[in-house]
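# A closer look at the structure
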Amino acid sequence: MNHNEVHPMDRLIRADRMPHIWCPGCGLGTNFTCFLEALNQSGLDPDKNVIVSGIGCTGRVPGYTNIDSYHTTHGRAIPFATGLKLANPELTVTVFSGDGDLFAIGGNHFIHAARRNIDLKIICVNNFNYGMTGGQFGCTTPLGAKTTTSPYGNYEHPFNLVQMAAASGAVYVARWTSLHVRRLTNSIKETFAKKGFTFIEIISPCPVSFGRRNKLGEGLDEMKYYQENSVIKHGIDPNEADLNLNGKIIVGKFIDIDKPTFLDNQPKLQTPD
Amino acid sequence: MSHDPAIRTGEHFLNGDEACAEGALACGCRFFAGYPITPATEIAETMSRRLPEVGGVYIQMEDELASMNAILGASSAGVKAMTSTSGPGFSLMMENIGLGIMMEIPCVVVNIQRGGPSTGLPTMVGQQDMMQARWGSHGDYEMIALCPWSPQEMFDFAIRAFNLSEKYRIPVLIMADEVVGHMTEKVVIPPKEEIIRLYRKKPQVPSNEYIMYETNGSLVPPMANAGDGYKVITTGLTHNEQGYPDMTAEAHEKLITRLCNKILLNKADIVEVEERELSDAEVVVVAYGSPARSAVLAIKKAREQGIKAGLLRLRTVWPFPEAEILKLAKQAKTIIVPEINKGQIVREIERCAKGNCEVILISKLALIHTPDEILEVIKNRRL
């Protein structure tokens, strides 16, 4: 390896922390790159960008990002990020975390931050299971899917995350897969430019845990599946964007509205000293 | 002297909760996140009214897990932040008090104690969370907890709590009780220039030389805030000086030892006790919070009856005043400990007394002890 080589994203990566911990075929590397590319293209000052996560495979993203980064407790990234944003409105605050972190243990925080329209950029990597602990079912696991704690097939109904985000009040809601690098990057860029609580779900392969137990093949096979089964439907009711184990994946931008944020609405009696 | 709307210099008639909020504002607190709970709600109410007047932010969170995280986030962005609660909420805050300890984020948590466990006795007094304050979050750590006994001290200790938290980069607890929170008394708010207001030490090096948890021989690293350009990296995982996760026994030993030592080795600065009539005392009441008020009259009455009684009031409970208790145990024949619980701090006193004197607990639940109840025990002691 030539140590003098400079990667175009080096200024935004903590290169001394490589190699990362993610498994072969995992979608996180691609998702992470889309975030960095969006940040790079946005022209925003990296020093005024903060990234916050909870716990899990996706929760490790901030630790590799060369901007202010906070790897908090399980489920609590959103309230931590809420404090950061409200204390210093100059900051662009992204929460980059997984489905279990944001919607199971952290679900209550998600719906309330969306309701308040806190100006946070939420990126949720949905791999349909708890990867870090070896692949247990969670609140997004499709009915019938096998995991280490659903050996006979999952018998709980999953959340439709985009529907929940829209219903809770998010001003921007989109879903892409790890295959849609250009569209995902553009979507993240759009949320950087948008004021308010934004939500992007990334459907992402977990071949070592979820994929293996559900015979979805290697990471590449999952990408092929995304290619063949993704249907772009901008503007549809997120209610109709349910996911299931072997069905079509509806992607696109579903919600893009404007409304005052928490900070816009709070009483202004005096400017800070 | 310019008028500062955050500091209401003068004499006021305030309850303890309101005084606590005013103390926080006077010390520069500009962010409050909380969830309504009896008997701490007046702190949130005062903050919701006062913070917009001084350019601060009040946010009512969905629960106490979120409240605790929100203040950690706000403090990470450089703004002094506080939350307040009582037992049930304090239990929920434990998770992220641990995060604050691990990431070394200054903030203040106020617990106006009521009766527990569970929903318990919301409107009546308790001191039942004293050990939870010390050990409630998982893992090993040292804690700072202050115990006010009056609305004036609610004001003063709010300031002291912020100053200690900024100095040592740790969440600091104000362990008050319902009586102190709801009692209304005279509170004197001094002029701005007389109020000491500390702020965390900031990095003195350029951002490319900044190492997140490098202490340079001190025990407390300088703290960069989000947005300062220092590329903060921090995690609740065990980490090295760079702030990077480090899953080794060596890194864990080094980090946890420093987190404990930064408090233990600074006990002389942190621990405060108040002594009354101790020089010749043979029987000593050791108390904190509202029972200490009854103890003042109890020792006065005992002195009037010729008993050499004194009072040691713990203004700081954690870290525990070990040396002060040992010294007292060697001097006195009996230590009497009135607590509004089944005996929590009395265990620490027994540990520190090392058998040098008799230690008697006066346990009472949901009510403060009357002076006569304490006096009776003083009079009826065996030694």
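This is a predicted model, so every value here is computed, not measured. (Residues numbered from 1 in each chain as written. Chains lettered and ligands numbered in written order. Predicted model: local features only at pLDDT ≥ 70, side-chain atom pairs only at ≥ 80, totals over all residues. Heavy atoms only, no water.)

### A short note on the interface of chain A and chain B
- Listed per partner, the contact involves 39 residues of chain A and 46 residues of chain B.
- Counting each side, the surface lost to burial between chain A and chain B is near 3,300 Å², with a carbon and sulfur contribution of 56%.
- Our enumeration of links across chain A and chain B arrives at 3 salt bridges.
- Here Arg116 of chain A ties to Glu62 of chain B by a salt bridge, and the two come within 2.8 Å at their closest N and O atoms.
- Where chain A touches chain B, the interface holds 18 residue pairs in polar contact (both at pLDDT 80 or more). (Contact = heavy atoms within 4.5 Å. Buried area = accessible area lost by both parts, 1.4 Å probe. Salt bridge = Lys/Arg side-chain N within 4 Å of Asp/Glu carboxyl O. Polar contact = N/O pair within 3.5 Å; in protein donor to acceptor, adjacent residues only side chain to side chain.)

### A short note on the UniProt feature "domain: Thiamine pyrophosphate enzyme TPP-binding" (unreviewed entry) in chain A
- On the UniProt side, "domain: Thiamine pyrophosphate enzyme TPP-binding" (unreviewed entry) is annotated at positions that read residues 62–202 of chain A here.
- For residues 62–202 of chain A, the helix share is 35%, the strand share is 20%, and the end-to-end C-alpha distance is 17 Å. (UniProt positions renumbered as here; feature names shortened; annotations may be inferred. Helix = DSSP H or I, 4+ residues; strand = E, 2+ residues; numbered from the N terminus.)

### Considerations on the nonpolar core
- Ranked by internal contacts, the top residues of the largest apolar core, which has 152 residues, are Val52 and Phe199 of chain A together with Phe31, Met47 and Met82 of chain B.
- When residues of this core are assigned to their parent elements, the largest contribution, 9 residues, is made by helix α6 (residues 151–168) of chain B.
- Counting only domains with at least three residues in this core, you end up with domain 1 (10–194) and domain 2 (277–380) of chain B.
- Once residues within four sequence positions are removed from consideration, Phe31 of chain B is found in contact with Gly83 and Leu86 of chain A together with Leu51, Val57, Ile59, Ala70, Ile71, Ala74, Val79, Lys80, Ala81 and Met82 of chain B.
- Of all hydrophobic cores here, the second largest spans 37 residues; its members include Phe96, Ala145, Leu184 and Phe192 of chain A. (Core = buried A, V, L, I, M, F, W, Y, C linked by side-chain atoms within 4.5 Å. Buried < 20%, exposed > 50% of the residue type's maximum accessible area, 1.4 Å probe, protein only. Domains from an automatic or database assignment.)

### Remarks on the domain arrangement of chain B
All names here are of chain B.
- Per the domain assignment, the segments of chain B are domain 1 (10–194) and domain 2 (277–380).
- Distance from the C-alpha centre of domain 1 to the C-alpha centre of domain 2: 26 Å.
- Residue-level contacts link 27 residues of domain 1 with 25 residues of domain 2.
- Together domain 1 and domain 2 conceal approximately 2,100 Å² of surface at their shared face, both sides included; 59% is due to carbon and sulfur atoms.
- When the buried surface of domain 1 facing domain 2 is broken down by residue, Gln127, Met131 and Trp149 rank first, second and third, together holding 33% of it.

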